[in-house]
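Inside the fold
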Amino acid sequence: MRTDEIRERFLKFFEEKGHKRLPSSSLIPTDDPTLLFTNAGMVQFKKIFLGEIEFPHKRVTTVQKCVRAGGKHNDFERVGRTARHHTFFEMLGNFSFGDYFKKTAIELAWELITLHCGISPEVLWVSVYKDDDEAYRIWKREIGVKEERILKLGEEDNFWSMGETGPCGPCTEIIVDRGESAGCGKPTCGPTCDCDRYLEIWNLVFMEFNRTPSGKLEPLPRKCVDTGMGLERIASVLQGVNGNYEIDIMRDIMKSVEEISGKKYGEEEKSDVAMRVIVDHSRASAFLIADGILPSNEGRGYVLRKMLRRAVRFGRVLGIKEPFIWIVAEEVLKVMGNTYPELLESRDIIKESIRAEEERFRDTFERGLKIFYEQMENVKEEEFPAETAFTLYDTYGFPLEVTVELLQEHGKVLDLEKFNHLMERQRSLGKVSWKEEKDIYLRLKERGKKTLFTGYSSLREESDVVFISANGREKEFLAEGEEVEVIINPTPFYGEAGGQVGDRGILLWEEGEAEVEDAKKPVIDLIYLNVRIKKGILKKGQKVIAMVDKKRRKATAIHHTLTHLLHAGLRMVLGKHVRQMGSLVSPERLRFDFSHHRPLSEEEIEKIESLVNEWIGEGHPVIVEEKDYEFAIKEGAIALFEEKYGSVVRVIKIDEISKELCGGTHLKNTVEAQAFKILSQSSVQAGVRRVEAVGGEGAISYFHSIEKILKKLQSELHCHSEEVLLKIEEMSKRLKELEKENKSLRQKLLTGDERKFLERRELNG
C-alpha cells in the first residue's frame, strides 16, 4: 500500500465515522508565536481544547505537517542515527472536541489498525499511563488485549503535552512488534527498548488538563481526544520495510542522494546515517521555506540554517563536494508537490535559498574543518578545549553544533558551560557601558519609579522632574550648559523602541529652558531624556512644560505607518514568506529588513511602490486598538516571533491591508503620508534584504530633486523630457565609437610604415 493511499484511507475512514476532514495548517503556528514550529496535529486546535473559542465540528480528522527540531519536542540530533526519526513528518490524526472520549477513541483506532490496515493483533502491544485504570480496563475487557501485552508506564512515556504549558493529558500508545530480525538482540529487549523492533505507531491522547506556567494541572472545560499516528512509521509497517527511509516516498528522494554520491543505501552504516540526514533535512528545508521561513541567525530561520549546515557536513561524509541539497530538495517537490501544492508554488525560492545557503557555508565549513582536525592532533585528553572550540566559532565562523557532533564521533566531549562563559564574556566586552546605564534604570524601577507616556494623544504636557543623572550619578540640579539625563513624569516624549527613534523637543520652566536631544526607553515603563540646559537651573522636583517637536514627530509617524504598508506590499508582491526582520523609523527615512532570498527586480520595486502609493491615495483610516494578546493573534494580527508581548497589546489596523502588533506612533489616515519612494535595496545577510525608503515631505523633496536634474539635462541636451534617455543613449554609443576609433589610430601610429618612419628617421644628424 503506497504512502499516498495510506494517507487517503486514513482520512476517508474517519470521514465515514462522522469526522470533518480539514487541511494541514502551516508549520508556523498562526495563533501561538511562543511555539517554534507546529509539532503536532493538535496545535491548530489549541484554543478549542482550552474552550476559548467555539468550533462548528465536534469530530475532525487531518494530516498535519509537523517539525520537531526545537522546544519540548526535538528530534534534531536523533535524525540519521535511527531509521525512524525525522525533523519533518506527516501526522495522521483524529480529534474529538467534547464528543467521544477514551472508549470510542480506542475502538476506532483498533478497528482501523486491525481490520482496515490488516495488522494482526498478535503483533500488537499497548501502553497506558500508570494511573489510568479506565484505559487499562477498556483495552483488556472491551478490546480483548491480553493482560501481559498491556504496559503501565510513567509520565515521561504516557502523559503527553504540546509544550511546557498548555493542554495535556494521559495517553495510550499502540506498539507493533516487527520481529526479532529488527531488534537489538539483547536479552532485555522488549516493548520499551529503544531499538527498531518495537515501534510505537499511534498515540491516543486524552486531553483532560491545562498545565499552567506554575506547573499546576487545571481541568479543561471539556474532555477531548487528540490522536497522532506518524504516516512514515505506519507506512514502513504496511510496506514491510526495515525503516521509514525505505518507504516509497522516502526511497524516491533517497535515489537522488545515491545518484549524486555514487553510494547505495543499506551497504554501510556510516553512509546510511549520512543519507538519512540529507534526505530528512532536505525535505524539512523545502517545507519550511514553502511556509515562509528562510535561513537566518535567529529563531526558526536559525533552525533551518542548522539543518542545511548539518546536511552539508554529512554530504562530505559521502564525498560530495559540490552544492547538492537543492537537487535533493527538487526531488522532494516532485514526490510531494501534488499533495502539498505550496511546494510547487515556492519552487524557485526553495531551490535558490537552499543553494545560496549551501554555497555560502561550504567555504566556512572546509576552512573550519581543516583547523578542527589540526587541533584534534594536539588533544590527547577526552575533553576538547573550550577555548579552541570558541576560537573556531568566533574567529572562523565554525558552528558549535558541528564541533559537538564531530567530537561525539571521535569519542570526545566539550565543556559547554565553559564555552558559554567565553561567549558571554565576549558579548559583554562591548556592552559594559550599556549595562551600567541600564543598571541605573533597573534600580530606579525597583524603587518604584516609572513614567506615564501620554504622547499618543498629546505632544504637550505639564510634568514633574523626578530624576536627574550625570555620568551615572544621581544629581539634585543642573546648571546652564550641562548635558545630562532627566526623567519627567508624565512624558509626551516617545522613547526609542521598536525601531522608532526617540522624540526631540524642549522643556520650559520659569526662567529656564532645556533642549531635549533624544528620548530613550532602557527598561519597560521608564523613559529618560537626554537634555542640554540652555538657560537657567533645572532642579529635581521642578515643574516643567514638556513639548515634543511636532514636525519631527509627524515625519516619524509617516515613516512608521509606511513600514506597515511596505510590509503588506512586499508580502503581496513577493509572497507570504516575507516577514519583518528589523526596522529603523526616523523623521528622514525608513529602513526595513525582511526575509527574502534574492534582490528585488525593477519590476517588483515598481509594483510595490505603486501599491503603497495607491493605498496612500485611497485614504485608509489607521485604527489603533488595545486588545488581549491572544485575541489579537486569533484575529490575524502579525507578531514578531522573537518579540516579547504583554497580555494586552497595541494593534495597528489599516483596513484589510495590514494588521500588526506595534507600539510606535502613527498617522490617523494613510493620505497624510503624501507619497512613497524606495531609494535603495541591499543585502543584510543571507536570506535577509534591506529596503530604504522615504515618504511625506522627504518623498516630495526627492521628486523635486529628480525633476531639477531632468530639467538640467533637457537644457544641456536641447530636447524634451521624453527624449532625454534616447539622447543619452546616442551620446553613449557615439562615445564608445570615438574611443574605438581613437584606439585604432593609436595602434596604426606604432605599426607598419609609421613605425619604420619613427625608427629610421634622423633629425639633426
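Residues numbered from 1 in each chain as written. Predicted model: local features only at pLDDT ≥ 70, side-chain atom pairs only at ≥ 80, totals over all residues. Heavy atoms only, no water.

1. Side note on the confidence of the model for the protein
- Mean pLDDT for the protein: 87, with 92% of residues reaching 70 or above.
- Scored below 50 in pLDDT, residues 430-437 makes three contacts in the model with residues more than four places away or belonging to other chains. (pLDDT = per-residue confidence, 0-100. Contact = heavy atoms within 4.5 Å.)

2. Examining the pattern of salt bridges
- For the coordinates displayed, the defined rule picks out 53 salt bridges.
- A salt bridge links arginine 197 to aspartate 177; its shortest N-O distance comes to 2.8 Å. With arginine 197 in the loop between strand E7 (166-177) and strand E8 (198-211) and aspartate 177 in strand E7, this residue pair connects regions lying 20 residues apart in the sequence.
- Its relative accessible area of 17% is what places aspartate 177 among the buried residues. (Salt bridge = Lys/Arg side-chain N within 4 Å of Asp/Glu carboxyl O. Helix = DSSP H or I, 4+ residues; strand = E, 2+ residues; numbered from the N terminus. Buried < 20%, exposed > 50% of the residue type's maximum accessible area, 1.4 Å probe, protein only.)

3. Points about the packing of aromatic side chains
- By the definition in use, this model includes 24 aromatic pairs.
- Judged by centre distance (6.2 Å) and plane angle (70°), the rings of phenylalanine 45 and phenylalanine 55 are edge-to-face. Of this pair, phenylalanine 45 sits in the loop between strand E1 (20-21) and helix H2 (46-49) while phenylalanine 55 is found in the loop between H2 and strand E2 (59-67), placing the two residues 10 residues apart along the sequence.
- Aromatic side chains tyrosine 702 and phenylalanine 703 sit 6.0 Å apart centroid to centroid with 65° between the ring planes, which places their arrangement in the edge-to-face category.
- Of the residues examined, phenylalanine 703 reaches a relative accessible area of 37% and is grouped as partly exposed.
- Among the aromatic residues, those joined into a ring-pair cluster are Phe45, Phe49, Phe55, Phe95 and Phe97.
- The aromatic ring of tyrosine 136 is capped on one face by lysine 152, whose charged end is 4.8 Å from the ring centroid. (Phe/Tyr/Trp six-rings, centres within 6.5 Å; stacked < 30°, edge-to-face > 60°. Lys NZ or Arg CZ within 6 Å of the ring centre and 35° of its normal.)

4. Notes on the sheet that holds strand E24 (residues 648-654)
- Pairing is antiparallel in the open sheet, where three strands are placed in the order E23-E24-E25. Single-partner strands in this sheet number two, and they are strand E23 (622-628) and strand E25 (658-661). Between one strand and the next, the sheet's axes are offset by a mean angle of 25°, whatever the strand orientation.
- As paired elements, E23 and E24 share seven bridges and run antiparallel to each other. In the sheet register, valine 622 faces E24, and the bridge partner there is isoleucine 654. (Pairing = 2+ DSSP bridges. Axes fitted to C-alpha atoms, helices over the stretch in contact; angles between N-to-C directions.)

5. Brief notes about unusual backbone geometry
- Between asparagine 489 and proline 490 the backbone carries a cis peptide bond, its omega angle lying at -5°.
- Structurally, the position occupied by proline 490 is in the loop between strand E15 (483-489) and strand E16 (505-509).
- The phi angle at histidine 718 is positive, at roughly 55°, despite the residue not being glycine.
- Tracing the chain through its elements places histidine 718 in the loop between helix H20 (696-717) and helix H21 (724-749).
- Given a relative accessible area of 70%, histidine 718 falls into the exposed group.

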